[in-house]
Amino acid sequence: MTLAIELPEELEKELLQQANINEFVQEAIKRLLLEQKQATQQNSIQLNQEQQQNFIDSLLNPKPANDKLKQSVLSYKEKMGL
């Protein structure tokens, strides 16, 4: 049985520099986990307990729309033919 894997040139060079395939796989997994962690951190917002409560309260009990917002909605509906 033959297994063929095509790697980007950068990964191919790294593989050749590793002592063995296990080290290469471990390093690739570490890099992937680090990238995922960084992406998660960039896409998250840290709120303290008071901010969390204010956010939830705003979602559950929104303030009524003011006149400017109501006018904007009407204008949008007119432009969109709704």
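Below is a summary of the structure that appears in this document. (Residues numbered from 1 in each chain as written. Predicted model: local features only at pLDDT ≥ 70, side-chain atom pairs only at ≥ 80, totals over all residues. Heavy atoms only, no water.)

## Here's the deal with the overall build of the protein chain
Then comes step 1: Looking only at helices and strands, the protein chain features 4 helices and 0 strands.
Then comes step 2: A compact globule built from 82 residues should have a C-alpha radius of gyration of about 12 Å, whereas the protein chain, at 26 Å, is more than 25% larger.
Then comes step 3: Here the C-alpha coordinates of the protein chain stretch approximately 70 × 40 × 25 Å along the principal axes.
Then comes step 4: When each of the 82 residues of the protein chain is scored for burial, the buried share is 2%.
Then comes step 5: By element, 54% of the accessible surface of the protein chain is carried by carbon and sulfur atoms, the whole surface being about 8,300 Å².
Then comes step 6: Averaging the positions of the 9 positive and the 12 negative side-chain charges in the protein chain gives two centres separated by 14 Å. (Helix = DSSP H or I, 4+ residues; strand = E, 2+ residues; numbered from the N terminus. Rg over C-alpha atoms; globule rule 2.2 N^0.38 Å. Buried < 20%, exposed > 50% of the residue type's maximum accessible area, 1.4 Å probe, protein only. Areas by Shrake-Rupley, 256 points an atom, 1.4 Å probe, with all protein chains shown as cover. Lys, Arg positive; Asp, Glu negative; His and termini not counted. Charge placed at Lys NZ, Arg CZ, Asp CG, Glu CD.)

## Concerning the packing of helix α1 (residues 9-17) against helix α2 (residues 21-42)
Then comes step 1: Contact geometry of α1 with α2 gives a least axis separation of 9 Å together with a crossing angle of 135°. In terms of orientation, α1 and α2 fall into the oblique class. Taken as a pair, α1 and α2 cross one another with a handedness that is right-handed. On the side of α1, the interface is formed by E10, L11, E14 and L15, while α2 contributes I21, F24 and R31.
Then comes step 2: Partitioning the contact of α1 with α2 into residue classes produces 4 nonpolar, no polar and 3 charged. (Axes fitted to C-alpha atoms, helices over the stretch in contact; angles between N-to-C directions. Parallel < 35°, antiparallel > 145°, perpendicular 65-115°, else oblique. Left-handed = near helix turned anticlockwise from the far one by under 90°. Contact = heavy atoms within 4.5 Å. Nonpolar A, V, L, I, M, F, W, Y, C, P; charged D, E, K, R; others polar.)

## Some details on a nonpolar patch on the surface
Then comes step 1: A contiguous nonpolar patch, built from I45, L47, F55, I56, L59 and L60 and spanning about 640 Å² of accessible area, is present on the exposed surface.
Then comes step 2: Relative to the elements of secondary structure, L47 occurs in the loop between α2 and α3 (49-60).
Then comes step 3: Of the residues examined, L47 reaches a relative accessible area of 36% and is grouped as partly exposed. (Patch = residues over 30% accessible without salt bridge, like charges linked within 9 Å, V, L, I, M, F, W, Y side chains within 5 Å. Salt bridge = Lys/Arg side-chain N within 4 Å of Asp/Glu carboxyl O.)

## What to know about the environment of L11
Then comes step 1: With respect to the helices and strands, the residue L11 is situated in helix α1.
Then comes step 2: On the basis of relative accessibility, which here comes to 28%, the residue L11 falls in the partly exposed class.
Then comes step 3: Separated by 13 residues in sequence, L11 and F24 place their C-alpha atoms 9.2 Å apart.

## Observations regarding α3
Then comes step 1: For α3, which comprises 12 residues, the first-to-last C-alpha distance of 16 Å matches the rise-based estimate of 16 Å (1.5 Å per residue) to within 8%.
Then comes step 2: One side-chain oxygen of the residue at the start of α3 lies 3.1 Å from the amide nitrogen of E50, identifying that residue as N48. (Expected span 1.5 Å × (residues − 1). Polar contact = N/O pair within 3.5 Å; in protein donor to acceptor, adjacent residues only side chain to side chain.)

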